[in-house]
Amino acid sequence: MQAKASKLSCHHCGAMYQRVPLDKDHLAMCQRCDTVLETYSGLSASGWCAIALTAVITFIMANAYPVGTLLVQGTGQSATFLDTVVVAWEAGFPWVATLTGATGFALPALHLSLLLWVLVPLSLGRIAPAFDGVLSLIDRLTPWSMVPVFLLGALVAIVKLVDLATLHLGVGLYATVATAVLITGLLRLNGQKLRHMAQDRGLDVSEAHAHPPPSPKQINRTWALLATAVILYIPANLLPIMYVHAINGSSGHTIMGGVIELWQGGAWDIALVVFIASVFVPVLKLFALAVLVWLTQTRSALNLKARTRIYSMVEFIGQWSMLDVFVVILLSALGKFGNLLDIAPGAGAAAFGGVVVVTMIAAMGFDPRLSWRLAGHRRHLNQPKEPAATALT
């Protein structure tokens, strides 16, 4: 069916384009900042709906069955993801429990439910109730759906646990793998793509409401959030992120201490992953955002395209810093054997979770269109152009 004429908006630089139908293996790119505006999809609404339904099934299994069972001297301890949330709460860290419960369970569940809310009627040739509001909510929830991050955290926890006791992997872990793969694919379904899917089916869908011009007031707000993140980052690295109490003694483990322990234990690849996610990425995000805000504040037109790519990178890597927090709560849930072994979260985990949340809010609250606007660029409202079509390689 011929695509209904509509507009494409670049949310990175603010340029507006007339949407054109894409051929197979092609994508539409912004001529100003090279942002990918739209990609060709061979899946219909029914195909996406089937993927979303499968993700719901695997998500339910991932949370109903244990991730693993730890055996110490004949005694077994198993835990589902929700068990880890309860353990963190009972250990006196409601902030950590709420954060992990929201990003690992509640928000992914809501995200999948909203996708089905839109896709089921769309596959039947209808428009879902509250279509515009649901699409907006889907875009807001996407960065906070962290099932893939929890999966990586579970793999890191497995490496740590195999040195302590016998570990048997559970159905929940394999279901989490499947869910992470499916959700990663579903992340392509943003509000704009779902709207275009409806328009391509000839359904009566209005154009997306134009985003208001970016306000310079966001600069001070972003600076305040970055300062808060820097303050939280200090105790996040100095205080233990977890405590291990065993027969041979007790010890507190900081983030870097965990990296060193993994490295000395021969798991240099896992140590590198933890270092990148929990040390390098947070510092990189803070530094990159600070540079972007400063250049915007000074109305600099220096390397606007490169700055747009840097902002896209900051958006993409934001959630992966939650890795260590997921590792800690999983270890705490599985490592409960009384005097033999007891693993508990530490204050560093709460501080580090705060760093992740604050930096994500700072990145999402900073509108990259402001950099282009203050450098003298405006939207192409009067004469919409066709976006550049490029073949996928």
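Just so you know, these numbers come straight off a predicted model, no measurement behind them.

Asker: How should the overall build of the protein chain be read in this particular structure?
Answerer: Secondary structure summary: the protein chain contains 14 helices and eleven strands in total. Once the C-alpha set of the protein chain is aligned to its principal axes, its extents read approximately 75 × 50 × 35 Å. Burial statistics for the protein chain: of 393 residues in total, 49% are counted as buried. Looking at the protein chain alone, contacts between residues at least 24 apart form 74% of all its contacts between residues at least 6 apart.

Asker: Can you walk me through the side chain of Ser 145 in this structure?
Answerer: Secondary-structure assignment places Ser 145 in the loop between α4 (131-141) and α5 (147-161). Ser 145 has contacts with Thr 103, Pro 108, His 111, Ile 183 and Gln 319, leaving out every residue within four places of it along the chain.

Asker: Explain empty space enclosed by the protein here, please?
Answerer: Empty space left among the atoms is revealed by rolling a probe the size of a water molecule over them. A complete count under the given rule lists four cavities of 30 Å³ or more for this structure. By volume, the largest cavity amounts to about 80 Å³. Listed by contribution, the elements that provide at least two residues to the lining of the largest cavity are α9 (255-264) and α12 (323-334). If one sorts the elements of the lining of the largest cavity by residue count, α12 sits on top with four residues. A per-class count over the lining of the largest cavity returns eight nonpolar, three polar and two charged. Space inside the second largest cavity adds up to approximately 70 Å³.

Asker: I'm lost on unusual backbone geometry in this one. Help?
Answerer: Working note: non-glycine residues mostly have negative phi, and peptide bonds are mostly trans. You will see that Asp 34, though not glycine, has its phi angle at about 70 degrees, which is positive. By the element assignment, Asp 34 lies in the loop between β3 (26-29) and β4 (36-39). Even without being glycine, Asn 303 reaches a positive phi, approximately 45 degrees.

Asker: Teacher, can you tell me more about the pattern of salt bridges here?
Answerer: Opposite charge on two side chains permits pairing when their charged atoms draw close. Counting across every chain of the model gives five salt bridges. Residue Asp 200 is joined to Arg 19 by a salt bridge in which the shortest nitrogen-to-oxygen separation is 2.9 Å. One end of the pair, Asp 200, is in helix α7 (residues 191-200); the other, Arg 19, is in the loop between β2 (16-18) and β3, with 181 residues separating them in the sequence. Judged by its relative accessible area of 24%, Asp 200 falls in the partly exposed class. In this structure, the salt-bridge partner of Lys 305 is Asp 34, at a minimum N-O distance of 3.5 Å. Taken together, the positions of Lys 305 in helix α11 (residues 304-317) and Asp 34 in the loop between β3 and β4 put the pair 271 residues apart, joining distant regions of the chain. Relative accessible area serves as the criterion here: at 34%, Lys 305 is assigned to the partly exposed category. Taking relative accessible area as the criterion, Asp 34 reaches 33% and is therefore assigned partly exposed.

Asker: Just to check I follow, could you spell out α12 for this structure?
Answerer: Helical geometry: 3.6 residues make up each α-helical turn, so side chains three or four residues apart lie on a common side. End to end, α12 covers 17 Å across twelve residues, agreeing with the expected 16 Å (1.5 Å per residue, within 8%). A large share of α12 lies buried, amounting to twelve of its twelve residues. Taken residue by residue, α12 has Leu 323, Asp 324, Val 325, Phe 326, Val 327, Val 328, Ile 329, Leu 330, Leu 331, Ser 332, Ala 333 and Leu 334 as its buried positions.

Asker: It is not clear to me how helix α2 (residues 81-90) should be interpreted in this structure. Could you clarify?
Answerer: Here α2 has its buried residues at Phe 81, Thr 84, Val 85, Val 87 and Ala 88. For α2, the angular spread of the buried residues around the axis is 165 degrees, confining them to a single face. Opposite the buried face of α2, by more than 90 degrees, sit the exposed residues Trp 89 and Glu 90. Where the residues of α2 are buried, they touch α1 (45-64), β6 (75-79), α3 (94-123), α5 and α12.

Asker: When you look at a nonpolar patch on the surface in this model, what are you seeing that I'm missing?
Answerer: Residues Met 256, Ile 260, Trp 263, Trp 268, Leu 272, Phe 275, Ile 276 and Phe 280 make up a contiguous nonpolar surface patch of about 800 Å² in total accessible area. Going through the elements one at a time, α9 and α10 (268-297) are the ones with two or more residues in the nonpolar patch. Among the elements that make up the nonpolar patch, the one with the highest residue count is α10 (five residues). Along the chain, Trp 268 turns up in helix α10.

Asker: Hey, could you run me through the packing of α10 against helix α13 (residues 347-365) in this one?
Answerer: Geometry of a packed helix pair, given as the angle between the helix axes and the separation of the axes. Where α10 meets α13, the closest approach of the two axes is 11 Å, and the angle between their N-to-C directions is 35 degrees. Relative to α13, α10 is oriented so that their crossing is left-handed. Residues Ser 278, Pro 282, Lys 285, Leu 286 and Leu 289 of α10 form the contact with α13, whose own contacting residues are Phe 352, Thr 359, Ala 362 and Ala 363. Its residues placed into classes, the contact of α10 with α13 shows six nonpolar, two polar and one charged.

Asker: Where do I start with the packing of aromatic side chains in this structure?
Answerer: When we look at a pair of aromatic rings, we describe it by the centre distance and by the angle of the planes. Counted under the stated rule, the structure contains five aromatic pairs. Each ring, one from Phe 59 and one from Phe 105, has its centre 5.6 Å from the other, and the planes form 20 degrees; the classification is stacked. Note that Phe 59 is positioned in helix α1 and Phe 105 in helix α3, a separation of 46 residues in sequence. Summarising the aromatic geometry, the rings of Phe 81 and Phe 150 are spaced 4.8 Å apart at their centres and angled 75 degrees between planes, so their arrangement reads as edge-to-face.

Asker: Quick question: what am I supposed to make of the confidence of the model for the protein chain here?
Answerer: Regions with low pLDDT should not have their predicted coordinates read in detail. Residues at a pLDDT of 70 or more form 91% of the protein chain, whose mean pLDDT is 85. Taken element by element, the protein chain is modelled with least confidence in strand β11 (residues 388-391), mean pLDDT 50, and with most confidence in α1, mean pLDDT 95. Between residues 380-384, whose pLDDT stays under 50, and residues either more than four places distant or in other chains, the model counts nine contacts.

Here is what the cut-offs are and how they apply
Residues numbered from 1 in each chain as written. Predicted model: local features only at pLDDT ≥ 70, side-chain atom pairs only at ≥ 80, totals over all residues. Heavy atoms only, no water. Helix = DSSP H or I, 4+ residues; strand = E, 2+ residues; numbered from the N terminus. Buried < 20%, exposed > 50% of the residue type's maximum accessible area, 1.4 Å probe, protein only. Contact = heavy atoms within 4.5 Å. 1 Å grid on protein atoms, 1.4 Å probe; cavity = no way out; pocket = protein on both sides within 12 Å on 5 of 7 lines; lining within 4 Å. Points joined across faces, edges and corners; volume = space filled by probe spheres on them. Nonpolar A, V, L, I, M, F, W, Y, C, P; charged D, E, K, R; others polar. Salt bridge = Lys/Arg side-chain N within 4 Å of Asp/Glu carboxyl O. Expected span 1.5 Å × (residues − 1). Arc of directions from axis to C-beta. Patch = residues over 30% accessible without salt bridge, like charges linked within 9 Å, V, L, I, M, F, W, Y side chains within 5 Å. Areas by Shrake-Rupley, 256 points an atom, 1.4 Å probe, with all protein chains shown as cover. Axes fitted to C-alpha atoms, helices over the stretch in contact; angles between N-to-C directions. Left-handed = near helix turned anticlockwise from the far one by under 90°. Phe/Tyr/Trp six-rings, centres within 6.5 Å; stacked < 30°, edge-to-face > 60°. pLDDT = per-residue confidence, 0-100.

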